[in-house]
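Structure assessment
Below, each chain spelled out in residue letters.
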Amino acid sequence: MQNVTLKVEGMSCNHCVVSIEGALREIGSKGKVDLASDTVAVEYNDATVSLDQIKETIEDQGYDVIS
Ligand SMILES: [Cu+2]
């Protein structure tokens, strides 16, 4: 398992949390949004999901991955 914490812009409420965490679950990873620090902590298996895929998944929900 790999762990990464991404800085994400545009998350503001519980709806954002549900969208992002749900989308990450759909690609087989586990995300935890922290609205206070604008970050998403993601746990994933890099044999099945790439970091690029994770970033794309978050951006597809309408948010900007800063780092
Ligand atoms: Cu929201």
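For the structure itself, consult the block above.
The paragraphs below set out a description of the structure included in this document. (Residues numbered from 1 in each chain as written. Predicted model: local features only at pLDDT ≥ 70, side-chain atom pairs only at ≥ 80, totals over all residues. Heavy atoms only, no water.)

Within the protein one finds 2 helices and 4 strands. Reading the protein from its N end, one meets helices and strands in the order β-α-β-β-α-β. The C-alpha atoms of the protein give 10 Å as radius of gyration, which agrees with the globular expectation for 67 residues (11 Å, within 12%). The C-alpha extent of the protein, read off along each of the three principal axes, is 30 × 20 × 15 Å. Going through the 67 residues of the protein one by one, you find that 37% of them count as buried. For the protein, the computed accessible surface area is about 4100 Å², with 44% contributed by carbon and sulfur atoms. (Helix = DSSP H or I, 4+ residues; strand = E, 2+ residues; numbered from the N terminus. Rg over C-alpha atoms; globule rule 2.2 N^0.38 Å. Buried < 20%, exposed > 50% of the residue type's maximum accessible area, 1.4 Å probe, protein only. Areas by Shrake-Rupley, 256 points an atom, 1.4 Å probe, with all protein chains shown as cover.)

Our next topic: the packing of helix 1 (residues 14–26) against helix 2 (residues 51–60). When two helices pack together, their arrangement is given by the angle between their axes and by how far apart the axes lie. Where helix 1 meets helix 2, the closest approach of the two axes is 9 Å, and the angle between their N-to-C directions is 140°. In this view, helix 1 runs oblique relative to helix 2, as classed from their interaxial angle. Both helix 1 and helix 2 take part in a crossing whose hand is right-handed. Facing helix 1, whose interface residues are I20, A23 and L24, helix 2 presents I54, T57 and I58. (Axes fitted to C-alpha atoms, helices over the stretch in contact; angles between N-to-C directions. Parallel < 35°, antiparallel > 145°, perpendicular 65-115°, else oblique. Left-handed = near helix turned anticlockwise from the far one by under 90°. Contact = heavy atoms within 4.5 Å.)

Below, the discussion takes up the coordination of the copper ion. Any two of four tetrahedral donors ideally make an angle of 109.5 degrees at the metal, while pairs among six octahedral donors ideally make 90 or 180 degrees. Note on the copper ion: its protein donors are C13 (SG) and C16 (SG). The metal-donor distances range over 2.0 to 2.1 Å. The exposure class of C13 is partly exposed, given its relative accessible area of 34%. The buried category is assigned to C16, whose relative accessible area is 5%. (Donors = N, O, S within 2.8 Å, 3.2 Å for Na, K, Ca; no water.)

Residue position: M11 is located in the loop between strand 1 (2–9) and helix 1. Along the sequence, M11 and D38 sit 27 residues apart, while their C-alpha atoms lie 6.8 Å from each other. The residues contacting M11, other than those within four sequence positions of it, are C16, I20, V33, D34, L35, D38, T39, V40 and Y63.

Burial of strand 2 (residues 30–34) is one-sided: the residues G31 and V33 facing one way are buried, the residues K30, K32 and D34 facing the other way are not. Taken together, the 5 bridges between strand 2 and strand 3 (residues 39–44) define a ladder with antiparallel strand orientation. Residue pairing across strands places G31 opposite V42, the latter belonging to strand 3. Turn length for the strand 2-strand 3 hairpin, with the two strands adjacent in sequence and antiparallel, is 4 residues, and the turn residue D38 shows positive phi of about 55°. (Pairing = 2+ DSSP bridges.)

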